[in-house]
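Architecture and fold: a report
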Amino acid sequence: MVLLLIGITLCFLIIPFFIAKPSLTICLFQRAGTWLCFSLILCALFVKLVRIARIFLRKKGSARPRFIEPKYQILFTFLLVGGLMLLVIISLIDVHPEATKELVLDSKDTDDFPYFVVFCDAPNTALIVIQMLYLTVLLIVSNALAVLTIRFPANFNEVMYVAFSTFSIGVIWIAYVVIYFATDDRELQTAIIAFAIQMSALAVLICMFCPRIFIMIVWPNKNKNEMSVSKPTDILSSLSANRK
């Protein structure tokens with residue numbers, strides 16, 4: 001949960017770098033920060049869904065799944081994020097994050113003076129495709145796991161929160177890819193990226209945390225441990241007891 005909050009916070013903090021005038025530092029934060037903040041959210045959700053699926057989809061009578069403790073969730077999340085960031089570092093080395101000036105003449109008004117447009121250099125297309133495929137695979141698998149796990153016990157509400165978060169990210173990024181490649185305007189493409197990142201963070205924030213806050217404020221009695229099962233390990237213990 002902490003990693004999700006960090007990822008959401010970084011998504012909101014990265015937006016000013018898309019608005020500021022491009023420079024070496026700005027372009028570096030744009031290219032590295034975009035992948036870092038989004039992958040942190042998606043990888044955290046993916047690891048959480050895998051953990052839930054391993055708990056509930058295990059065979060009857062089998063031993064308790066290994067590596068489901070929070071410390072392993074953090075470790076696996078960092079490993080997944082680290083794999084993507086390795087590709088990002090290679091991309092930064094291949095094409096340095098520099099700002100480029102381009103002289104532009106208004107095609108609608110030939111009498112107008114030309115002006116300079118400053119933009120960040122585009123990274124290697126092949127590496128971008130690989131990074132997108134990396135996240136796409138995680139997103140597809142996460143949505144598949146969300147479909148499988150959303151039917152699990154109603155008193156384990158976290159399944160529903162994670163599933164809706166994953167569905168929301170999927171819808172937002174499908175729309176982002178379609179709109180992004182439908183335009184050649186660099187300024188519009190930059191705005192689309194920033195908007196997609198912000199909407200993804202907002203969707204996860206609403207799906208994962210707003211229901212909890214609402215329950216604590218409106219129905220504080222439902223936030224008690226004795227009235228709901230709050231941890232997968234508790235559910236696992238209760239299921240094992242029932243099978244015995």
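Residues numbered from 1 in each chain as written. Predicted model: local features only at pLDDT ≥ 70, side-chain atom pairs only at ≥ 80, totals over all residues. Heavy atoms only, no water.

This paragraph deals with the packing of aromatic side chains. Overall, the coordinates contain six aromatic pairs when judged by the stated rule. Their ring planes at 75 degrees and their centres at 4.5 Å tell us that Trp173 and Tyr176 sit as a pair that is edge-to-face. Taken together, the positions of Trp173 and Tyr176, both in helix 6 (residues 158-181) and three residues apart, correspond to about one turn of that helix. No difference in accessibility class separates Trp173 from Tyr176, as the two residues are buried. Grouping aromatic residues by their ring pairs yields a cluster made of Phe38, Trp173 and Tyr176. (Phe/Tyr/Trp six-rings, centres within 6.5 Å; stacked < 30°, edge-to-face > 60°. Helix = DSSP H or I, 4+ residues; strand = E, 2+ residues; numbered from the N terminus. Buried < 20%, exposed > 50% of the residue type's maximum accessible area, 1.4 Å probe, protein only.)

On to the environment of Ile169. Tracing the backbone through its elements, the reader meets Ile169 in helix 6. C-alpha of Ile169 to C-alpha of Val204: the two residues are 35 residues apart in sequence and 7.7 Å apart in space. Setting aside anything within four residues of it in sequence, one finds Ile169 in contact with Phe38, Ile41, Leu45, Leu139 and Val204. (Contact = heavy atoms within 4.5 Å.)

The share of residues in the protein with pLDDT of 70 or more is 82%, and the mean pLDDT across the chain is 79. At the level of individual helices and strands, the protein shows its lowest average pLDDT in helix 8 (residues 232-243), which scores 46, and its highest in helix 4 (residues 70-94), which scores 91. Low confidence marks residues 225-236, where pLDDT is under 50. Its contacts with residues over four positions away, or in another chain, come to 22 contacts. In the model, residues 238-244 has pLDDT below 50 throughout and makes six contacts with residues more than four positions away in sequence or in other chains. (pLDDT = per-residue confidence, 0-100.)

This next bit is on the nonpolar core. Nonpolar side chains tend toward joint burial in soluble globular proteins. The biggest cluster of nonpolar side chains holds 51 residues, and the ones touching the most others in it are Ile41, Leu45, Ile169, Trp173, Ile197, Val204 and Met208. Only helix 1 (2-13), helix 3 (24-56), helix 4, helix 5 (125-149), helix 6 and helix 7 (186-218) provide two or more residues apiece to this core. The element contributing the most residues to this core is helix 3, with 14 residues. Discounting chain neighbours no more than four positions away, the residues touching Met208 are Met1, Leu4, Leu45, Tyr161, Val162 and Ser165. Of all hydrophobic cores here, the second largest spans five residues; its members include Ile52, Phe56, Ile68 and Val159. (Core = buried A, V, L, I, M, F, W, Y, C linked by side-chain atoms within 4.5 Å.)

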